[in-house]
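# Commentary on secondary and tertiary structure
The chain contents come next:
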Amino acid sequence: FVSGFVSGTERMIYMFDGDLGSPTFGQLLQTFSDPASELGGGFGFSIATVGKNILVGAPYTNTDSGAAYLFDADPTSATFGSLLHTFFNPNTDPFFTQFARFGFSVAASNELLYIAAPQNILPGAPDKGSNVPNSGGAVYVFDGDPESLTFGQSLATIPNPDPRRSSNFENFGFDISADGYNLLVGEPYFSLGERKLLNVGRVHLFQMQLAGENQFQ
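Here is a short report on the structure shown in this document. (Residues numbered from 1 in each chain as written. Predicted model: local features only at pLDDT ≥ 70, side-chain atom pairs only at ≥ 80, totals over all residues. Heavy atoms only, no water.)

The three strands are arranged 12-13-14 in an open sheet whose pairing can be described as antiparallel. The outermost strands of the open sheet, each flanked by one partner alone, are strand 12 (176-179) and strand 14 (202-207). Here the strands of the sheet are splayed against their neighbours by 15° on average, with no regard to which way each runs. Two elements, strand 13 (residues 182-187) and strand 14, share six bridges in a ladder whose sense is antiparallel. Residue pairing across strands places Glu187 opposite Arg202, the latter belonging to strand 14. (Pairing = 2+ DSSP bridges. Helix = DSSP H or I, 4+ residues; strand = E, 2+ residues; numbered from the N terminus. Axes fitted to C-alpha atoms, helices over the stretch in contact; angles between N-to-C directions.)

Our next topic: the sheet that holds strand 6 (residues 67-72). The strand order across the open sheet formed by four strands is 4-5-6-7, and the pairing between neighbours is antiparallel. Two strands close off the open sheet at either side, each with one partner strand: strand 4 (46-50) and strand 7 (83-87). Taken over all neighbouring pairs, the strand axes of this sheet differ in orientation by 20° on average, direction set aside. Where strand 5 (residues 53-58) and strand 6 come together, six bridges link them in antiparallel fashion. Opposite Leu55, over in strand 6, you have Leu70 as the bridge partner.

Let's shift gears to a nonpolar patch on the surface. Among the surface-exposed residues, Leu184, Val203 and Leu205 lie close enough to one another that they form a single nonpolar patch of about 310 Å² accessible area. Tracing the backbone through its elements, the reader meets Val203 in strand 14. (Patch = residues over 30% accessible without salt bridge, like charges linked within 9 Å, V, L, I, M, F, W, Y side chains within 5 Å. Areas by Shrake-Rupley, 256 points an atom, 1.4 Å probe, with all protein chains shown as cover. Salt bridge = Lys/Arg side-chain N within 4 Å of Asp/Glu carboxyl O.)

What follows is about unusual backbone geometry. Of note in the backbone geometry, Asp64 takes a positive phi value of approximately 65° without being a glycine. A residue is classified by how much of its surface remains accessible, and Asp64, at 18% relative accessible area, is buried. A positive phi angle, near 65°, is found at Glu111, a position not held by glycine. Counting through the fold element by element, Glu111 comes out in the loop between strand 8 (105-109) and strand 9 (112-117). Overall, Glu111 belongs to the partly exposed group, its relative accessible area being 38%. (Buried < 20%, exposed > 50% of the residue type's maximum accessible area, 1.4 Å probe, protein only.)

What follows deals with the pairing of strand 9. When a strand is regular, its side chains alternate between the sheet's two faces. In terms of burial, strand 9 is a largely internal element, six of the six residues being buried. Of the two faces of strand 9, both are covered, the one formed by Leu112, Tyr114 and Ala116 as well as the one formed by Leu113, Ile115 and Ala117. In this sheet, strand 9 lies alongside strand 8 in antiparallel orientation, the contact comprising five bridges. Across the sheet, Ala108 pairs through a bridge with Leu113, a residue of strand 9. In this structure, the hairpin formed by strand 8 and strand 9 is closed by a connection of two residues, where Asn110 is found at a positive phi of approximately 50°. The pairing of strand 9 with strand 10 (residues 138-143) spans six bridges and is antiparallel. Directly across from Ile115, in strand 10, lies its bridge partner Tyr140.

Taken as a whole, the largest pocket encloses approximately 160 Å³ of empty space. Asn62, Ser65, Gly66, Phe88, Asn89, Asn91, Thr92, Pro94, Thr97 and Gln98 are the residues that line the largest pocket. Its residues placed into classes, the lining of the largest pocket shows two nonpolar, eight polar and no charged. (1 Å grid on protein atoms, 1.4 Å probe; cavity = no way out; pocket = protein on both sides within 12 Å on 5 of 7 lines; lining within 4 Å. Points joined across faces, edges and corners; volume = space filled by probe spheres on them. Nonpolar A, V, L, I, M, F, W, Y, C, P; charged D, E, K, R; others polar.)

Next up on the list: the side chain of Thr150. Position of Thr150 relative to the elements: it lies in the loop between strand 10 and strand 11 (154-159). A polar atom in the side chain of Thr150 sits 2.5 Å from the side chain of Asp143. (Polar contact = N/O pair within 3.5 Å; in protein donor to acceptor, adjacent residues only side chain to side chain.)

Note on soluble globular proteins: their nonpolar side chains tend to be buried together. Leu55, Phe87, Phe102, Leu113, Ile115 and Phe142 are the most contacted members of the largest nonpolar core, which totals 16 residues. Among the elements of the structure, strand 4, strand 6, strand 8, strand 9 and strand 10 are those that each provide at least two residues to this core. Those residues in contact with Phe87 that sit more than four places away from it in its chain are Leu55, Ala67, Ala68, Leu70, Phe102, Leu113, Ile115, Phe142 and Gly152. Of all hydrophobic cores here, the second largest spans 15 residues; its members include Ala116, Leu155, Phe206 and Met208. (Core = buried A, V, L, I, M, F, W, Y, C linked by side-chain atoms within 4.5 Å. Contact = heavy atoms within 4.5 Å.)

Dropping the structure here:
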């Protein structure tokens, strides 16, 4: 069991024994701290379990560009509590990633890690009435298996399927949930009819398909 908590100016993650049959039930097993040690970085804003590891989002770090961290959460492991990998937005152009809030929501299933950037600006997705790319949002898929040769690498990008109608931060990827190879993505501020019906929201269901060795789409 993992719980997020803010202590003073530092955000921490506390891991407790949640096994009712365990003699150490309820006891603190490990404390995870922000590797960036950034005030206001939002470490622990989102959390997902990945087998015996945990994925922690920090969407406000580095001027809201965001990051996510994978930790060893296996009490029997020799590296229990250690940082296994740091994830950043695969799109390295700061024009598109500044304020993207990568890590705002995270999910994991079948060794795939899903990290959302709901305010991510996508190239080639112009806002209505301008030539400026909009903030349609995106979800990025990574290899989360530490034993894999492609561990930590980006496997796929899931953009907003309707970016031209998704201007002004409608937050595709505001929340996400994974089950098997299915991914549910929320977009709470989507508006209908040229924004006449504001913030009605919508939810997208994606199925990840194997396109090649360690490649998904």
